[in-house]
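Fold and geometry: a report
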Amino acid sequence: MTDLTAADAVTDAAAYAEAAAFLLGADWLTDSERTVRTVAVRAELRATGSYRHTPEELAHGAKAAWRNHARCVGRLHWKALRVVDRRHVTSAEEVFDACVGHLRAASADGRLQPVITVFPQRAPDGSAIRIWNPQLIRYAGYRDADGSVTGDPLHVELTDMAGSLGWQGRGGRFDVLPLIVQMPGEEPRWFELPSDAVLEVPLAHPEFDWFAELDLRWHAVPAISDMRMEIGGIDYPACPFSGWYVGYEIGARNLADTDRYDLLPLVAAHMAIDTSYDSTLWKDRALVELNRAVLHSFQQAGVHLVDHHTVTRQFVTHEDRERRKGYPVSADKHWIVPPLSASTTPVFHRAYETIEARPNFFRQPAAWR
Ligand code: ARG
């Protein structure tokens, strides 16, 4: 018999409440199975301070986390998520190998599949595996002597850290960063991704021949690797997940934001638009053509992605279906409404409520802080 302090008892009760709430939604169990499982989880929590999900609970929990995520406009497909259980890994190499396997399965020669790879849960002492990269595939950003950046300015800090761990980048605009993996209580280690695991699309424009000479590209798979998934009170701080891109993420943000690749002035110059007045709408016109290039290039390459009209229409279909089932739809309008042509999409005209439902994905402090 261990001594249970009042604080332990409170934590215990909170952890149990989270677990019990999750199991209440376990509609694949019969009532008596659910009761048996809930009692077993309580015993495991008391004995170890934690509990392990069954493979079924993990699969259902991961899908529910996607379904509940207020910032995702692509949730129509939540049931199709493939859940890869890698909770048994014990080394950084195994984490890296599983991430490479994730990218290969998710890319599927361009017929992108939604996948999540789940690594061991946070231990009762708080320790956890962390992937330092915000996504499995990210481009380096090199700070030059004059303060300007070659590559993706968003990743200057990560590029510097990779450098301090011994990685040497080639100094290009689209150099794939190594994967940095940190096991509990160990130093971080970096691994170069094999090129066959990194599907990329060179960008061209359906009408402007000069566009291809800009020599732009983007990676096919957006695989978020720094968020934590929470299911029934259990934390999975390393659980890379991916679907496919909405064109604007690349065309209206990654390549267009002034603190990212900042390409609108260059595109406008090639289009010979007067950029001396905002009212010429040079930014808007360049933005549309950049987005056409992204959609066109992915389609030509046979790599799946979706445009903002289609994805928002799919979202309202999903939303209406959920409401008919009596399932509350949580959505963060800032994230659901496209960054271009907002008012031409149905989501602009609807009201949304942001509920922090669980299971869900959450931001967490950077691993190196
Ligand atoms: N916006 C991020 C990026 O441009 C990706 C976020 C996840 N997006 C997705 N379609 N699953 O890389």
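Let us look at the structure shown here. (Residues numbered from 1 in each chain as written. Predicted model: local features only at pLDDT ≥ 70, side-chain atom pairs only at ≥ 80, totals over all residues. Heavy atoms only, no water.)

Moving on: the site of the ligand. Taken together, Gln135, Arg138, Pro222, Ile224, Trp244, Tyr245, Glu249 and Asn254 form the complete shell of residues around the ligand. Measuring from an oxygen atom of the ligand, one finds a side-chain N or O atom of Tyr245 at 2.7 Å. In the model, a nitrogen atom of the ligand is placed 2.7 Å from a nitrogen or oxygen of the Glu249 side chain. Calculation on the ligand without its partners gives an accessible area of 350 Å², and the protein chains cover 71% of this total. Taken together, the residues that form the shell around the ligand break down as four nonpolar, two polar and two charged. (Near = heavy atom within 4 Å. Polar contact = N/O pair within 3.5 Å; in protein donor to acceptor, adjacent residues only side chain to side chain. Areas by Shrake-Rupley, 256 points an atom, 1.4 Å probe, with all protein chains shown as cover. Nonpolar A, V, L, I, M, F, W, Y, C, P; charged D, E, K, R; others polar.)

Attention shifts here to the nonpolar core. Membership of the largest hydrophobic core comes to 74 residues, with the highest contact counts inside it found for Val95, Phe119, Phe211 and Phe298. Breaking this core down by element, the ones donating at least two residues are helix 4 (92-107), strand 6 (179-182), strand 14 (245-246), helix 6 (247-254), helix 7 (264-270), helix 8 (282-301), strand 15 (305-306) and helix 9 (308-324). Beyond its immediate chain neighbours, meaning those up to four positions away, Val95 contacts Val89, Phe119, Ile129, Ile131, Val181 and Met183. By size, the runner-up hydrophobic cluster in this structure holds 22 residues, among which are Phe22, Leu45, Ala62 and Phe361. (Core = buried A, V, L, I, M, F, W, Y, C linked by side-chain atoms within 4.5 Å. Buried < 20%, exposed > 50% of the residue type's maximum accessible area, 1.4 Å probe, protein only. Helix = DSSP H or I, 4+ residues; strand = E, 2+ residues; numbered from the N terminus. Contact = heavy atoms within 4.5 Å.)

Here we come to the side chain of His219. Its place among the elements puts His219 in strand 9 (residues 217-219). The exposure class of His219 is buried, given its relative accessible area of 0%. When residues no more than four places from it in sequence are discounted, the contact partners of His219 are Gln135, Ile137, Arg138, Tyr139, Leu199, Glu200, Tyr245 and Phe298.

Going residue by residue along strand 11 (residues 228-231), you find Arg228 and Glu230 tucked away on one face and Met229 and Ile231 tucked away on the opposite face as well. Direction of pairing for strand 11 relative to strand 16 (residues 360-362): antiparallel, over a ladder of three bridges. Note on strand 16: the bridge partner recorded for Arg228 is Phe362. (Pairing = 2+ DSSP bridges.)

This part is about the packing of aromatic side chains. For the coordinates displayed, the defined rule picks out 11 aromatic pairs. Residues Phe208 and Trp210 carry aromatic rings whose centres are separated by 5.2 Å and whose planes lie at 15° to one another, so their mutual orientation is stacked. Among the aromatic residues, ring-to-ring pairing joins Tyr139, Phe174, Trp218 and Tyr261 into one connected group. Taking the ring centre of Tyr16 as reference, the NZ or CZ of Arg42 above it sits at 4.9 Å. Its guanidinium or amino end placed over the ring of Tyr327, Arg67 lies 3.4 Å from that ring's centre, counting from NZ or CZ. (Phe/Tyr/Trp six-rings, centres within 6.5 Å; stacked < 30°, edge-to-face > 60°. Lys NZ or Arg CZ within 6 Å of the ring centre and 35° of its normal.)

Residue Pro359 follows Arg358 across a cis peptide bond; omega there is 0°. For Pro359, the position within the fold is in the loop between helix 10 (333-336) and strand 16. Unlike most non-glycine residues, Asp215 shows phi in positive territory, near 60°. Along the chain, Asp215 turns up in the loop between strand 8 (200-202) and strand 9. Asp215 sits in the exposed class, given a relative accessible area of 55%. The residue Ala272 is not glycine, and still its phi comes out positive at about 60°. Secondary-structure assignment places Ala272 in the loop between helix 7 and helix 8. You can call Ala272 exposed: its relative accessible area is 69%.

What follows is about the sheet that holds strand 6. Sheets are built from strands that pair by backbone hydrogen bonding, the pairs being arranged parallel or antiparallel. What the three strands build is an open sheet, ordered 3-6-7; its pairing is antiparallel. Of all strands in the sheet, those bounded by a partner on one side alone are strand 3 (130-131) and strand 7 (189-191). Bridge count for strand 3 against strand 6 is two bridges, and the pairing is antiparallel. Note on strand 6: the bridge partner recorded for Ile131 is Val181. Relative to strand 7, helix 4 is tilted by about 35°, and along the sheet it contacts strand 3, strand 6 and strand 7. (Axes fitted to C-alpha atoms, helices over the stretch in contact; angles between N-to-C directions.)

As enumerated under the stated definition, the model contains 24 salt bridges in all. Residues Arg369 and Glu157 are paired through a salt bridge, measuring 3.0 Å at the closest nitrogen-oxygen approach. Within this pair, whereas Arg369 is found in the segment after strand 16, its partner Glu157 is found in helix 5 (residues 156-164), the two being separated by 212 residues in sequence. Among the residues examined, Arg369 registers a relative accessible area of 70% and is labelled exposed. The partner of Asp175 in a salt bridge is Arg170, and the shortest N-O contact between them spans 3.2 Å. Using a relative accessible area of 4% as the deciding quantity, one classes Asp175 as buried. Each member of the salt-bridge network shares a partner with another, and the members are Arg122, Arg228, Glu230, Asp235, Glu356 and Arg358. (Salt bridge = Lys/Arg side-chain N within 4 Å of Asp/Glu carboxyl O.)

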